[in-house]
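Residue-level listing of the chains:
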Amino acid sequence: MQAQLLPSRPCAHLSPKCTSVASRQQQPNVPLARVSQWQHTLHVEKSHANACKAKRPLPATRQQIQRVDRWRVHLCSTTDTASSSQLESVSGASREATDPPKKKQRLSDEEIAARIAESRQRKASLPQHSCPSCSKPLLSPRNIYKHVARCCPDVMTDPQAWEQVLCRDVSRGTPVDHAAIADLLKQASAIEEVSRETALHWTFRSGLKDEEGQLIRLDASEVGRRMKLPAPRASRLVRAAMRAVPLVGDDITGSAQGEGGPGPLVVVHEDEDFVAVSKPPGVLSCPTHRFKGGSMVNQMITYMKGQNPHVLHRLDMDTSGLLLFAKHSGVVPGVHKQFRNRTINKLYLCICMGCPQEDYFDVDAPITHHPAVDIARAVGPGGKEASTSFAVIASNPHAVLQLGEGQAVESSALARFMTAAHDSMVI
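Parameters at a glance
- Residues numbered from 1 in each chain as written.
- Predicted model: local features only at pLDDT ≥ 70, side-chain atom pairs only at ≥ 80, totals over all residues.
- Heavy atoms only, no water.
- Helix = DSSP H or I, 4+ residues; strand = E, 2+ residues; numbered from the N terminus.
- Buried < 20%, exposed > 50% of the residue type's maximum accessible area, 1.4 Å probe, protein only.
- Contact = heavy atoms within 4.5 Å.
- Areas by Shrake-Rupley, 256 points an atom, 1.4 Å probe, with all protein chains shown as cover.
- Salt bridge = Lys/Arg side-chain N within 4 Å of Asp/Glu carboxyl O.
- Axes fitted to C-alpha atoms, helices over the stretch in contact; angles between N-to-C directions.
- Parallel < 35°, antiparallel > 145°, perpendicular 65-115°, else oblique.
- Left-handed = near helix turned anticlockwise from the far one by under 90°.
- Phe/Tyr/Trp six-rings, centres within 6.5 Å; stacked < 30°, edge-to-face > 60°.

K.L.:
Would you explain the overall build of the protein in this entry?
P.N.:
Broken down by element type, the protein carries 12 helices and 12 strands. With 427 residues in all, the protein has 26% of them scored as buried. Considering only intrachain contacts with a sequence separation of at least 6, the fraction spanning at least 24 residues in the protein is 55%. Of the roughly 29600 Å² of accessible surface on the protein, a fraction of 53% belongs to carbon and sulfur atoms.

This is how it looks when you write it as structure tokens:
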């Protein structure tokens, strides 16, 4: 029985120069040497295929599959000269060369969570370093050098010392000199504090005054010019210096209510995670400046004995109702996610001018800034999406809510009316 060898064909995944080494001659029998040559050829093609997986549009083309099938037919006719094990090895090699690459097994959620926990535990065991300017946590010495050189290069008064400590070649197993790194960062933190005080001085206490005799606040570019720093770096210094000013704590007993201060703090609910307080009308939820009080946050600072509460949401100044604060940062992301996904229902009682025609209706319209009043909001294009459901509790088309010149409806009177309406409402 004669076996005819296939003509030479170029590989589908390589250049035309890569061709098989099969002969075009016809021979009566296929010796064992020829089978070994085919094995070598398939091994080479398999190696080229593995190297070119990223460039191949398909794992195996139709021509390759047909060629391998023909090889198998011709190899089956050489059983008188080649052993079955050798033929099976050649057939297996051809299948491996043409089969598509196996996909990596996807990790389960438990395995992913275990790897994340292991990585966090390993990082927590390492000495912690942070940037003296932005307080970003940094681990490796080279990352510390790169970040500080990009974020606050002015604190690197001795660049050679920084390079010697942080950029030296450390072989595997050699301990890192964390004490020297801590000393460098401590010196940098001291320089950062001085730079913040200087930036704050030039911003608010430069001595320049306007025509009315008021001190002028310099912008970041002018502060940077005086400190010989870039404007973004000067702006970050001013913001960091202002954040370093501690917030003011207000009285929570209500003794300063007659002097324009807020009333006593009314705690509605408290547990190990949250504190819910009753906000009266006319009081801000957050202060307008760090050294100014008169807000619910300032009262909460006194209530929490100097600790800053985590603000979860806000209410307008003329709106009364429940205000929720978090005691620690662990519960903040979950609550914020609920507010974003609108899974928290908020109920408001309000007085409006005009009588709606329907007792129940929905308003789905974007809310943006009022064109004339800075603190007011209005429906307009480009605003934030808002969806509100209304239910009319009571209405009187003959009543007139009229405000005279220089007069205003007291917030306390509105609050009493809203409380009475809430008590009469049946759900």
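So that's the structure; there's more coming.
K.L.:
How do you make sense of the pattern of salt bridges when you look at a structure like this?
P.N.:
Within this structure, the stated rule accounts for 7 salt bridges. For Glu 192, the salt bridge is made with Arg 196, and the minimal N-O distance between the two is 3.2 Å. Placement of the pair is Glu 192 and Arg 196 together in helix 7 (residues 178–204), with a separation of 4 residues, close to one helical turn. Looking at Glu 192, the relative accessible area reads 1%, which means it is buried. Note on Arg 196: relative accessible area 12%, which makes it buried. Across the pair Arg 225 and Glu 222 runs a salt bridge, and its minimum N-O distance is 2.6 Å.

K.L.:
Before we go on, may I ask you to explain the packing of helix 6 (residues 159–166) against helix 7 in this structure?
P.N.:
A pair of packed helices can be characterised by two numbers: the angle between their axes and the separation between those axes. Two elements in contact, helix 6 and helix 7, have axes whose closest approach is 10 Å; the angle formed by their N-to-C orientations is 150°. One element, helix 6, and the other, helix 7, form an angle in the roughly antiparallel class. Considering how the two elements wind past one another, helix 6 and helix 7 form a crossing that is left-handed. Residue-level contacts link Ala 161, Trp 162, Val 165 and Leu 166 of helix 6 to Ala 180, Ile 181, Leu 184, Leu 185 and Ala 188 of helix 7.

K.L.:
I keep staring at the packing of aromatic side chains and nothing clicks. Help me out?
P.N.:
The relation between two aromatic rings is expressed through the spacing of the ring centres and the mutual angle of the planes. As enumerated under the stated definition, the model contains 1 aromatic pair in all. Here Phe 361 and Phe 390 contribute two aromatic rings whose centre-to-centre distance is 5.0 Å and whose plane-to-plane angle is 10°, an arrangement assigned as stacked. Linking Phe 361 in strand 9 (residues 360–364) with Phe 390 in strand 12 (residues 387–391), this pair joins segments that are 29 residues apart in sequence.

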